[in-house]
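Here's the letter readout for the chains.
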Amino acid sequence: MMEPILRVKDIHKAFDGSGVLKGVSLDIHEGEVVVIIGPSGCGKSTLLRCINGLERVDQGEIWLRDQLISGLKDMHLVRQKIGMVFQSYDLFPHMKVMDNLLLGPMKALRKPREAVEAEAMEMLRRVGLAEKAQALPRTLSGGQKQRVALVRAMLMHPELLLLDEITAALDPEMVSEVLNVVIDLAEQGMTMAIVTHEMRFAEAVADRVLFMEQGVIAEEGAPASFFREPKTERARQFLQSFTYASTRKKAQETQAADVGLA
Amino acid sequence: MDWGFIGSHVMDFVAGAWVTLRFGLYGVGCSLVLGLLCCLARYFRVPVLRSVAHGYIELARNTPLLVQLFFLYAGLPRVGVRLSAEACAVIGLTFLGGAYMSEAFRSGLESVEKSQREAGECLGLTRAQNIRYVLLPQALATAAPALFANVIFLIKETSMFSVLAMMDLMNVADTLRTSGGRTVEVLFMLVVAYLALLLPVSLAATFTERRLRYAGFGNQHSV
Ligand SMILES: Nc1ncnc2c1ncn2[C@@H]1O[C@H](COP(=O)(O)OP(=O)(O)OP(=O)(O)O)[C@@H](O)[C@H]1O
Ligand SMILES: [Mg+2]
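Everything numeric here is computed off the predicted structure, so don't read it as measured data.

*Asks:* Could you clarify how one ought to interpret the interface of chain B and chain A in this entry?
*Replies:* A common way to report how large an interface is uses the accessible area buried once the components associate. Each partner contributes residues to the interface: chain B has 24 residues there, and chain A has 26 residues. Our count for the contact surface shared by chain B and chain A stands at 7 residue pairs in polar contact (both at pLDDT 80 or more). Every element with two or more residues in the side of chain B that touches chain A is listed here: α5 (114-122), α6 (127-157) and α8 (183-215) of chain B. With 8 residues, the single largest contributor to the side of chain B that touches chain A is α5 of chain B. Residue composition of the side of chain B that touches chain A, grouped by class: 11 nonpolar, 10 polar and 3 charged.

*Asks:* Explain the side chain of S115 of chain B to me, please; I cannot follow it from the model alone.
*Replies:* By the secondary structure assignment, S115 of chain B is in helix α5. Residue classification places S115 of chain B among the buried residues on the basis of a relative accessible area of 15%. Contacts of S115 of chain B, omitting those with residues within four sequence positions, involve S88 and D90 of chain A.

*Asks:* What should I look at first to understand the site of ligand 1 in this one?
*Replies:* Residue and element names in this part refer to chain A. Around ligand 1, a shell composed of F15, V20, P39, S40, G41, C42, G43, K44, S45, T46, E165 and H197 is seen. In the model, an oxygen atom of ligand 1 is placed 2.8 Å from a nitrogen or oxygen of the K44 side chain. If ligand 1 stood free it would expose 640 Å²; the protein chains cover 58% of that surface. Residue composition of the shell around ligand 1, grouped by class: 4 nonpolar, 6 polar and 2 charged.

*Asks:* I'm lost on the sheet that holds strand β5 (residues 67-68) of chain A in this one. Help?
*Replies:* Hydrogen bonds between backbone groups are what pair the strands of a sheet, and the pairing can be parallel or antiparallel. Residue and element names in this part refer to chain A. If you walk across this open sheet you meet the 4 strands as β2-β1-β4-β5, and the pairing is antiparallel. The outermost strands of the open sheet, each flanked by one partner alone, are β2 (18-28) and β5. Strand direction decides the pairing type here: strand β1 (residues 6-15) and strand β4 (residues 59-64), joined by 5 bridges, are antiparallel. Bridge pairing links L6 to L64 in β4.

*Asks:* Explanation requested: the environment of L198 of chain B in the structure shown.
*Replies:* Residue and element names in this part refer to chain B. Residue position: L198 is located in helix α8. L198 sits 42 residues away from K156 along the chain, and the two C-alpha atoms are 8.5 Å apart. Apart from the residues lying within four places of it in its own chain, the contact partners of L198 are I152, I155 and K156.

*Asks:* Is there a simple way to think about the pattern of salt bridges in this case?
*Replies:* Side chains that differ in charge, positive against negative, can pair when their charged atoms come close. Residue and element names in this part refer to chain A. Scanning the model with the defined rule gives 19 salt bridges over all chains in all. Salt-bridge contacts for R234 lead to E213; the nearest nitrogen and oxygen are separated by 2.8 Å. One end of the pair, R234, is in helix α9 (residues 233-242); the other, E213, is in strand β9 (residues 208-213), and 21 residues separate them in sequence. For E213, a relative accessible area of 12% puts it in the buried group.

*Asks:* Would you take a moment to explain the sheet that holds strand β3 (residues 33-37) of chain A for this structure?
*Replies:* Residue and element names in this part refer to chain A. The strand order β6-β7-β8-β3-β9-β10 describes an open sheet built from 6 strands, whose pairing is mixed. Of all strands in the sheet, those with a lone pairing partner are β6 (82-85) and β10 (216-221), marking the two edges. Mean inter-strand twist for the sheet, computed between neighbouring axes without regard to direction, equals 20°. For β3 and β9, the ladder comprises 4 bridges, and the chain directions are parallel. Note that in β9 the partner of I36 across the bridge is L210. Of the strands in this sheet, β3, β6, β7 (160-164), β8 (192-195) and β9 touch helix α1 (residues 44-51), which is tilted by about 150° from β7.

*Asks:* Can you walk me through helix α3 (residues 65-75) of chain B in this structure?
*Replies:* Residues spaced three or four apart along an α-helix face the same direction, because each turn holds 3.6 residues. Residues and elements named next belong to chain B. Looking at α3, one finds that the buried residues are L65, Q68, L69 and L72. All buried residues of α3 fall inside an arc of 95° around its axis, so they share one side. Its buried side turned inward, α3 meets α2 (49-61), α4 (85-111) and α6.

*Asks:* Just checking my understanding: could you explain the environment of C122 of chain B for this structure?
*Replies:* Tracing the backbone shows C122 of chain B in helix α5. Remark: the alpha-carbon pair of C122 of chain B and L176 of chain B, spanning 54 residues in sequence, is separated by 63 Å.

*Asks:* So what exactly am I meant to see when it comes to the pairing of β10 of chain A here?
*Replies:* Along any regular strand, the residues point their side chains to alternate faces of the sheet. Relative to β10 of chain A, β9 of chain A is paired through 5 bridges, and the arrangement is antiparallel. Looking at the pairing, M212 of chain A lines up with I217 of chain A of β10 of chain A.

*Asks:* Even after reading the chapter, I still don't get the nonpolar core, so can you show me in this structure?
*Replies:* Soluble globular proteins tend to pack their nonpolar side chains together in the buried interior. The biggest cluster of nonpolar side chains holds 60 residues, and the ones touching the most others in it are F13, M166 and L169 of chain B. Looking at this core, the elements that each hand over two or more residues are α3 (97-108) of chain A together with α1 (3-43), α3, α4, α6, α7 (169-180) and α8 of chain B. Among the elements that line this core, the one with the most residues is α6 of chain B, at 11 residues. Residues within four places of L169 of chain B in sequence aside, it is in contact with F13, G16, A17, T20, L190, A193, Y194 and L197 of chain B. Within the second largest apolar cluster, 54 residues are counted, among which are A149, L155, I166 and A235 of chain A.

*Asks:* How should the packing of α1 of chain B against α4 of chain B be read in this particular structure?
*Replies:* Between two packed helices, both the angle of their axes relative to each other and the distance between the axes serve to describe the pair. Residue and element names in this part refer to chain B. Between α1 and α4, the shortest axis-to-axis distance is 5 Å and the interhelical angle comes to 45°. When the axes of α1 and α4 are compared, the pair comes out oblique. In this structure, α1 crosses over α4, and the sense of that crossing is right-handed. Taken together, the residues that form the contact of α1 with α4 break down as 16 nonpolar, 8 polar and 4 charged.

Definitions and cut-offs
- Residues numbered from 1 in each chain as written.
- Chains lettered and ligands numbered in written order.
- Predicted model: local features only at pLDDT ≥ 70, side-chain atom pairs only at ≥ 80, totals over all residues.
- Heavy atoms only, no water.
- Contact = heavy atoms within 4.5 Å.
- Polar contact = N/O pair within 3.5 Å; in protein donor to acceptor, adjacent residues only side chain to side chain.
- Helix = DSSP H or I, 4+ residues; strand = E, 2+ residues; numbered from the N terminus.
- Nonpolar A, V, L, I, M, F, W, Y, C, P; charged D, E, K, R; others polar.
- Buried < 20%, exposed > 50% of the residue type's maximum accessible area, 1.4 Å probe, protein only.
- Near = heavy atom within 4 Å.
- Areas by Shrake-Rupley, 256 points an atom, 1.4 Å probe, with all protein chains shown as cover.
- Pairing = 2+ DSSP bridges.
- Salt bridge = Lys/Arg side-chain N within 4 Å of Asp/Glu carboxyl O.
- Axes fitted to C-alpha atoms, helices over the stretch in contact; angles between N-to-C directions.
- Arc of directions from axis to C-beta.
- Core = buried A, V, L, I, M, F, W, Y, C linked by side-chain atoms within 4.5 Å.
- Parallel < 35°, antiparallel > 145°, perpendicular 65-115°, else oblique.
- Left-handed = near helix turned anticlockwise from the far one by under 90°.

Pasting the structure below:
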């Protein structure tokens, strides 16, 4: 088997003495899409933030290919290879969409403007936002902003893309326009670690699902088996909380059938 | 009002205004640089430097400029450091102004969402690039009114330069008043001269603030 792109080895992280990550290990291989789910506060965001050095790990190691990146003093070169998109989009409000897109490739990667601009236009077109190139971020809808944020991260050609609940702040009707872009990226072979609460999307996009609980990975599996028959009771309960609507519907149907029988 | 007297001394005031303006602007320029450095040391929690910056700011803001100038001009020679009046003026004004500018920059930087800094970091920008392209433009939009207020404050504080025997506006006026006794005319010209220097700054401040509000970025981070 090939060497993994990312290797997380038994990392620990505490905030103010309370453990948030308590020994997490994880390998991600090239082209693999790993979806991380779990209850609020279990440490999903912290895990992603540790991977690109926004948080420092207390213990353990993180390797990007053959480079030890945990505890590095200067992360900026590593971060050029690890893209990250957050729930809050975080477009730069004082720059037009195109300038948002050009900043990283031109300043961090020192690529010439013309080459990046052409590529940025092409990517904008692919996500349906070509006509917004000269718009200011505040004139865009949430879904449009998040698609721009994805393009901004992709223009760096990262080896690994980290997505932290990128649809959590969106109105429901805008969720799919963003998730479709992610599914596109997955089909193009992008290596990703995705935190999400959208279970149908998780099942569709994941090669592997990790279920986190109180700072550890409690269960891990292929999406088909994980979502159909989770092995741990905790994961079963967690998934149940998302199927509330459909169980209720089922309950009503059973009731109706009962009534019919009577 | 003796217009003849005013006419014959206009050039004295022009010369005084030039001293006030020149050394005022040197001080303002150096204050902006010092203030920005102190503010960044504190914002990025640079070890040691952030404490030094903090201590300096408290010291500078809680002592009068007059005392600072006396220290430079009369105190330092006692330990063998002899500076010209002009050097004392610029250093003194910078010492005072750096502290105020730092606080103005800081209010601006702190109004920029923390996630903006992280977004810049996630793009692999160096810290300097992140400051230059992401943080500072947004911080300046918020800090502009305070920065302009500081410029006006500092140029007014140059009136203290007369204790250094520099022929700034204040000293020109004092000299004329005590020698000729035309207090009303002298004060009239003094007011006019300061207004001529500071009114353009005020107008520039108003204009800039309006432009920034129109541009509509800064701390109003819309989701
Ligand atoms: N910078 C911080 N300082 C202190 N505590 C923090 C910090 N960041 C996270 N925490 C705490 O760590 C725990 C895990 O947070 P984290 O954001 O990783 O959870 P999460 O799994 O992403 O949750 P959610 O689904 O709500 O986003 C929480 O209890 C949170 O309060
Ligand atoms: Mg989170």
